[in-house]
Structures are given as structure tokens and as C-alpha cells.
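# Architecture and fold: a report
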Amino acid sequence: MYEMHIAPDNSSGLLVWHVIAKQAGSSLCGQAVDREADGMRTDRHCLPCMQSLQDLMAARADGAAEGRPDGLTA
């Protein structure tokens, strides 16, 4: 399970949405994120986090498809 939290971008310092594994202390890109930060808004997303999440979901789908003879995921 993953959560989205707002924190500064590593390179620009702008606030962006980061992806964090439920039990992790930092985002998928390695940025420390304050889970308690409230009241901040942005439409920007951390591209390294989003790419990592996409890769994780693709690997999960590939693993699920391996168990089915038709190659489809459940």
C-alpha cells in the first residue's frame, strides 16, 4: 500500500506530491516527508516517485500474470 504526501522537490524546492510506502520513512525517490504536514496544496508530482510507482505496479502485474495460463491479471 502506498500514500501520497506533499514535500519539497529535491532539485527545485517546489512542493510536489511524493509516493511513500505505508511503513516507510521516506518517499520512493528518497526524499524525507513529514506525514503530519497539513494544509499544503499543489498540483505537481515528483516524477522519480511516479516512475518508481509505475515500475512497481508493472512488476506486480507481470508477477500476477505469470500464474495465469491466459496471461491476464485477476
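As shown above, the structure is provided for reference.
These lines cover the structure that appears in this document, whether it is placed above or below. (Residues numbered from 1 in each chain as written. Predicted model: local features only at pLDDT ≥ 70, side-chain atom pairs only at ≥ 80, totals over all residues. Heavy atoms only, no water.)

### With respect to the overall build of the chain
- From N to C terminus, the chain includes one helix and two strands.
- Helices (α) and strands (β) of the chain occur, in sequence order from the N terminus, as β-β-α.
- Buried positions account for 22% of the 74 residues belonging to the chain.
- In the chain, 36% of the contacts between residues at least 6 apart in sequence involve partners at least 24 apart. (Helix = DSSP H or I, 4+ residues; strand = E, 2+ residues; numbered from the N terminus. Buried < 20%, exposed > 50% of the residue type's maximum accessible area, 1.4 Å probe, protein only. Contact = heavy atoms within 4.5 Å.)

### Quick notes on the pattern of salt bridges
- For the structure shown, the criterion picks out one salt bridge.
- Between E3 and K22 there is a salt bridge, with its nearest N and O atoms 3.1 Å apart. One end of the pair, E3, is in strand β1 (residues 2-8); the other, K22, is in the loop between β2 (15-21) and α1 (47-66), and 19 residues separate them in sequence.
- Accessibility expressed as a relative area gives 41% for K22, which makes it partly exposed. (Salt bridge = Lys/Arg side-chain N within 4 Å of Asp/Glu carboxyl O.)

### Section: the side chain of Q31
- Examined against the element boundaries, Q31 turns out to sit in the loop between β2 and α1.
- The exposure class assigned to Q31 is buried, which follows from its relative accessible area of 15%.
- Ignoring any residue separated from it by four or fewer positions in sequence, one finds Q31 in contact with A7, P8, N10, H18 and S26.

### Observations regarding the pairing of β1
- Judged from the seven bridges that link them, β1 and β2 form a sheet pairing that is antiparallel. By the bridge assignment, A7 is partnered in β2 with V16.
- Turn length for the β1-β2 hairpin, with the two strands adjacent in sequence and antiparallel, is six residues, and the turn residue G13 shows positive phi of about 80°. (Pairing = 2+ DSSP bridges.)

### A closer look at the side chain of H5
- With respect to the helices and strands, H5 occurs in strand β1.
- With relative accessibility at 15%, the residue H5 sits in the buried group.
- A distance of 2.9 Å separates a polar atom in the side chain of H5 from a polar atom in the side chain of E3.
- Non-local contacts of H5, meaning those with residues more than four positions away in its chain, are made with V16, W17, H18, I20, V33 and R35. (Polar contact = N/O pair within 3.5 Å; in protein donor to acceptor, adjacent residues only side chain to side chain.)

### As for the environment of R35
- Positionally, R35 belongs in the loop between β2 and α1.
- Assessed through its relative accessible area of 28%, R35 is described here as partly exposed.
- Between the C-alpha atom of R35 and that of I6, which follows or precedes it by 29 residues, the distance is 8.3 Å.
- Beyond its immediate stretch of four places on either side in the chain, R35 contacts E3, H5, I20, A21, K22, Q23, A24 and G25.

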